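Listed here are the chains, written in short residue letters.
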Amino acid sequence: MDQTPADWRHAEPLGERTNPMIDPFGRAVTYLRVSVTDRCDFRCTYCMAENMTFLPKKDLLTLEELDRLCSAFIAKGVRKLRLTGGEPLVRKNIMHLVRGLSRHIGQGLDELTLTTNGSQLARHAQELADCGVRRINVSLDTLDPDKFKNITRWGEFDKVMEGIRAAQAAGIRIKLNAVALKDFNEHEIPDLLRFAHGEGMDLTLIETMPMGETGEDRTDQYLPLSKVRKMLEEQFTLDDIPYRTGGPARYVEIRETGGRLGFITPLTHNFCESCNRVRLTCTGTLYMCLGQDDAADLRTALRASDDDAFLSAAIDEAISRKPKGHDFIIDRAHRKPAVARHMSVTGG
Ligand code: SAM
Ligand code: SF4
């Protein structure tokens, strides 16, 4: 966070770059995830405490500033952009940002997508499709409406299903994300799998990560996916496949359903060696790693000058500090979060 405008002045102007951003470990940074708000209409127990304090609205970047920052990253080689949060679709006028960013699709940007809890999807699905959004991730941890209420605290299962249907009707492909939680959805995963694949959707399972205080003990929630895989192998035939979506998931194909199942295993298998991403918060802080505290303040660079060269140099400086990886551990000796911020701040 210690760049000065004097350092930024020597930057190459945006748009004249042809090379991607390369970090100190030789990884090309081509994927930007943007948490457009830290707010959410759910309070999932593994993600947030029920009485969360959110950022004052005045601290947020405007939608125009977010557009300028995202466009700067695209000019510097980012090819995939994911809007997330908090819940991205609760940010006021979010479709204004989506519409604006859609101008980059096919002009440097390969994909504009989002991760959502689905609660507001029914009313936005068609416009998202019209903006060129082809695939989205929807988080769904259970198919049981009562359990859904328990895990999300405030969510309504039927609304999410309505959102999923609307996105499907608009021609958007959906991948379901489910956090694997001990004693919660452990025994429901085969049903989730059959449901997703029956609807033509991929399913990705995620290990719970130690981010932010939630008022819950994560050792009680943590379910290693190695265990889930063994359990699934008793019912299904899992074939490892080289399919990748530019993320950390490792995929198998389920022979019985013909569908894909992804595993995101930050705890049992560290996926950092192929990390291609950085994460921007709604206040303009850039986190170069989900599991580390080091960050760069891009808001100051953004507001210091209308000349994007400042911004470009601040981004370069940040990328030069991208760490090798995270240090997540969950066991009885490590009950504290690895990082104090919640997943909703950095964007999961
Ligand atoms: N609200 C949107 C949603 O739920 O899809 C987007 C933001 S949410 C932070 C993104 C993803 O992170 C969700 O799939 C959620 O299940 C996951 N997530 C949240 N907290 C997590 C944690 N501590 N460990 C693992 N995954 C987490
Ligand atoms: Fe909200 Fe998503 Fe976190 Fe659930 S996981 S509380 S929906 S941000």
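Preceding this section is the structure that the text describes.
Keep in mind the model is a prediction, meaning the values are calculated, not measured.

Visitor: Describe the site of ligand 2, listing the residues and the values that go with them.
Guide: Taken together, the residues surrounding ligand 2 are Cys-40, Phe-42, Cys-44, Cys-47, Met-48, Gly-86 and Asn-117. Counted by class, the shell around ligand 2 contains five nonpolar, two polar and no charged residues.

Visitor: So what's going on with the sheet that holds strand S11 (residues 260–264)? Which residues, and what values?
Guide: Strand order in the open sheet made by the 12 strands is S9-S10-S11-S8-S7-S6-S5-S4-S3-S12-S13-S14, with mixed pairing throughout. Since the sheet does not close on itself, it has two edges, and those belong to strand S9 (238–241) and strand S14 (295–297), each with one partner. Pairwise comparison of adjacent strand axes, ignoring direction, gives a mean angle of 25° for this sheet. Pairing of strand S13 (residues 285–287) with S14, which is carried by three bridges, proceeds in the antiparallel orientation. Paired with Tyr-287 across the strands is Ala-295, a residue of S14. Across the sheet, helix H3 (residues 94–101) is in contact with strand S4 (80–84) and strand S5 (111–116); its angle to S4 comes to roughly 180°.

Visitor: Could you give me a rundown of the pairing of strand S10 (residues 250–254), with the residues and numbers involved?
Guide: Pairing of S9 with S10, which is carried by four bridges, proceeds in the antiparallel orientation. Within the sheet, the bridge partner assigned to Asp-240 lies in S10 and is Val-252. Bridge count between S10 and S11: four bridges; the pairing is antiparallel. Along S11, the bridge assignment pairs Val-252 with Leu-261.

How each quantity is defined
- Residues numbered from 1 in each chain as written.
- Chains lettered and ligands numbered in written order.
- Predicted model: local features only at pLDDT ≥ 70, side-chain atom pairs only at ≥ 80, totals over all residues.
- Heavy atoms only, no water.
- Near = heavy atom within 4 Å.
- Nonpolar A, V, L, I, M, F, W, Y, C, P; charged D, E, K, R; others polar.
- Pairing = 2+ DSSP bridges.
- Helix = DSSP H or I, 4+ residues; strand = E, 2+ residues; numbered from the N terminus.
- Axes fitted to C-alpha atoms, helices over the stretch in contact; angles between N-to-C directions.
- Contact = heavy atoms within 4.5 Å.

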